[in-house]
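Here's the letter readout for the chains.
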Amino acid sequence: MKPKSDFFLVILLSALAGVSAYFSNMAYLDTPLLFALEGLILVLFITSTVFLRSLRRGSLVTFTALVTTCLLAVIHTLLFPKYDPVAPVAYFVVLLFSTFFNLFLAYRHYASRQALYRVYDQHKPAMAAVVVTFMVVAFVLSLQDILFQFGLLTLMGVALSYLTFLFYFAPLLRIEKWLSHTEQLNEQESRTRNFVKKYGKGKDVYPFFATWLGAAVSDVEDLIDRLEAKGYLGHNFFAIQNIFYWFLTSLSFFMGLAVAGAHFGQQAWAFLLIVTGVALAGPQAFFRRTFRRFLGVLLIVAALSIFYLTNVVAFRVASLSTLIAVVSIYFAYRDEEVISIIFASFFVGSLFMLGRSMLLPVFMRTPVPWIITLVTMMLLLHHLYVNEQLY
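If you're wondering where the values come from, they're calculated on a predicted model, not measured in any experiment.

Looking at the overall build of the chain
The number of helices and strands found in the chain is 15 helices and zero strands. Over its C-alpha trace the chain gives a radius of gyration of 22 Å, about what one expects of a compact globule, namely 21 Å for 391 residues. By principal-axis analysis of the C-alpha atoms, the chain measures approximately 75 × 55 × 35 Å. Per-residue burial over the chain gives 51% buried out of 391 residues. Residue pairs in contact within the chain that sit at least 24 positions apart in sequence constitute 73% of those at least 6 positions apart. Per element, the accessible surface of the chain, about 18,100 Å² overall, is 70% carbon and sulfur. Put simply, the chain has 28 plus and 20 minus side-chain charges, and the middle of one group is 2 Å from the middle of the other.

Following this line, the structure appears as C-alpha cells:
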C-alpha cells in the first residue's frame with residue numbers, strides 16, 4: 001500500500017499549482033511568451049521521454065517542472081505588482097533547471113535500479129553545489145537594477161525546484177512505482193489475455209471465454225477492458241492512470257488558449273468534462289463497461305452543453321474532437337492500433353483548435369495543431385512498438 005502522505009502531498013501541491021496558475025494568470029506573460037513557454041514544455045517533455053524511455057515518467061518530470069513554474073508565478077504576482085519585461089525570462093530558466101534537475105536524478109534512479117533516496121544520497125553534495133551555485137549567480141544578477149526582478153525570481157525558483165523535488169517529484173515516483181504494480185495481471189486476466197491472443201476479442205467468442213473462465217459474459221467484457229486499460233492489448237492512451245493523456249491534452253488546449261489570448265479559467269471545466277468523459281467511454285480497469293460508458297456520455301453531453309450555451313464555434317470544434325476520440329476508441333477495440341493512434345493524435349491536435357476557438361475564428365492558418373498531432377503520433381508509435389507495449 002502507498003503511504004497516504006504521498007497522495008496527500010501530490011494532490012495538495014497539484015491543486016495549489018492549479019490555483020496559482022489561475023490566480024496569477026501566469027504573471028505578466030503575454031501571448032507570445034506564454035505560447036513560447038508551452039512550446040518549451042513540449043520540447044522538454046519529449047527530451048525527458050527519450051532519456052527515460054517512458055511516456056509516463058517523462059510526463060512526471062515535466063509536470064513537476066510545470067508545478068514549480070506555476071508556484072513561481074503566484075510569488076511573482078504577490079511580490080512585484082509592477083511590470084518588468086525581463087522578469088518573465090526567469091520562468092524559462094526555472095522550467096529548464098527544474099526539468100533537468102529532476103531528469104538527472106530520475107535517470108540515475110532507473111538506470112542504476114537503486115532506490116531514489118539512495119541515488120539522492122549519493123549525489124546530494126553535487127546537487128547541493130549546483131543549487132547553491134545557481135542561487136548565488138541569481139543573487140548577483142539581482143544586484144543589477146535592470147535584472148533585479150529576474151535575479152530574485154530565479155533565485156526563488158531554483159529553491160522551489162529543490163523543494164518540489166523533495167515534496168512532489170519523489171512522492172510522484174513512488175506512486176508511479178505503485179501504479180506499475182497495480183497494472184500487473186491477476187490469474188483471470190492472464191488467462192483471458194492468452195485466449196485473446198489465440199481467438200481474438202470479438203463478441204462472438206465471449207461465451208466461449210466465459211465457459212472456460214467460469215464467469216459471466218459481462219465479466220469477460222470487463223476483463224478485456226482491464227487488459228486494454230493496462231496496455232496488454234495495445235496502446236492505453238485513454239486510460240485514466242495514463243498521465244501522458246492528461247498532460248498532453250491539457251498542454252494542447254492551453255496552447256490554443258494562449259494563442260487566442262483567452263483566460264486560463266475560461267471553459268476549463270467544460271474541457272475537463274470532455275477529456276474525462278472521453279476517457280470513461282474508453283476501456284478502463286474499473287466500473288462495468290455499460291455503466292462507465294453511460295457516465296462518460298453524460299459528462300461529454302454536459303461539456304458540449306456548456307460550450308453550446310457560451311460559444312457556438314467552440315461547441316462545433318468540441319463535437320468534432322469528441323467524434324475523433326470515439327473513432328480512435330472504436331479502432332482500438334477492433335485491434336487496428338495504428339489507425340487508433342492516428343485518430344488519438346488528431347484528437348490531441350484538435351484540442352489546440354478548441355482552445356483557440358474560445359476567442360478567435362477557426363482558421364487553419366497555423367501549423368501548430370499539425371505539429372502537436374505529429375509529435376503525439378510519433379510518441380505513441382514509439383511507446384507501442386519500441387517499448388513493446390503491443391504484447
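That shown, we press on.
Notes on the packing of aromatic side chains
Each aromatic ring pair is described using two quantities: the centre-to-centre distance and the angle formed by the ring planes. Following the criterion strictly, the structure yields 27 aromatic pairs and no others. Aromatic side chains Phe 237 and Phe 244 sit 5.7 Å apart centroid to centroid with 70 degrees between the ring planes, which places their arrangement in the edge-to-face category. For the residue pair Phe 237 and Phe 244, the accessibility class agrees, reading buried in each case. Here Tyr 245 and Trp 246 contribute two aromatic rings whose centre-to-centre distance is 5.3 Å and whose plane-to-plane angle is 75 degrees, an arrangement assigned as edge-to-face. Owing to a relative accessible area of 0%, Tyr 245 belongs among the buried residues under this scheme. For Trp 246, a relative accessible area of 24% puts it in the partly exposed group. Among the aromatic residues, those joined into a cluster by ring pairs are Phe 45, Phe 237, Phe 238, Phe 244, Tyr 245, Trp 246, Phe 247 and Phe 347.

Some remarks on the side chain of Ser 48
Examined against the element boundaries, Ser 48 turns out to sit in helix H2 (residues 31-52). What makes Ser 48 buried here is its relative accessible area of 0%. In this structure, Ser 48 is in contact with Gly 58, Val 61, Thr 62, Thr 99 and Leu 103, ignoring residues within four places of it in sequence.

Considerations on the environment of Val 317
Tracing the backbone through its elements, the reader meets Val 317 in helix H13 (residues 312-333). Take Val 317: its relative accessible area is 12%, and that puts it in the buried class. Counting along the chain gives 118 residues from Val 317 to Tyr 199, while the straight-line C-alpha distance between them is 39 Å. With near-sequence residues (within four places) excluded, Val 317 lies in contact with Ser 350, Met 353, Leu 354, Ser 357 and Val 362.

Reading the values: rules and limits
- Residues numbered from 1 in each chain as written.
- Predicted model: local features only at pLDDT ≥ 70, side-chain atom pairs only at ≥ 80, totals over all residues.
- Heavy atoms only, no water.
- Helix = DSSP H or I, 4+ residues; strand = E, 2+ residues; numbered from the N terminus.
- Rg over C-alpha atoms; globule rule 2.2 N^0.38 Å.
- Buried < 20%, exposed > 50% of the residue type's maximum accessible area, 1.4 Å probe, protein only.
- Contact = heavy atoms within 4.5 Å.
- Areas by Shrake-Rupley, 256 points an atom, 1.4 Å probe, with all protein chains shown as cover.
- Lys, Arg positive; Asp, Glu negative; His and termini not counted.
- Charge placed at Lys NZ, Arg CZ, Asp CG, Glu CD.
- Phe/Tyr/Trp six-rings, centres within 6.5 Å; stacked < 30°, edge-to-face > 60°.

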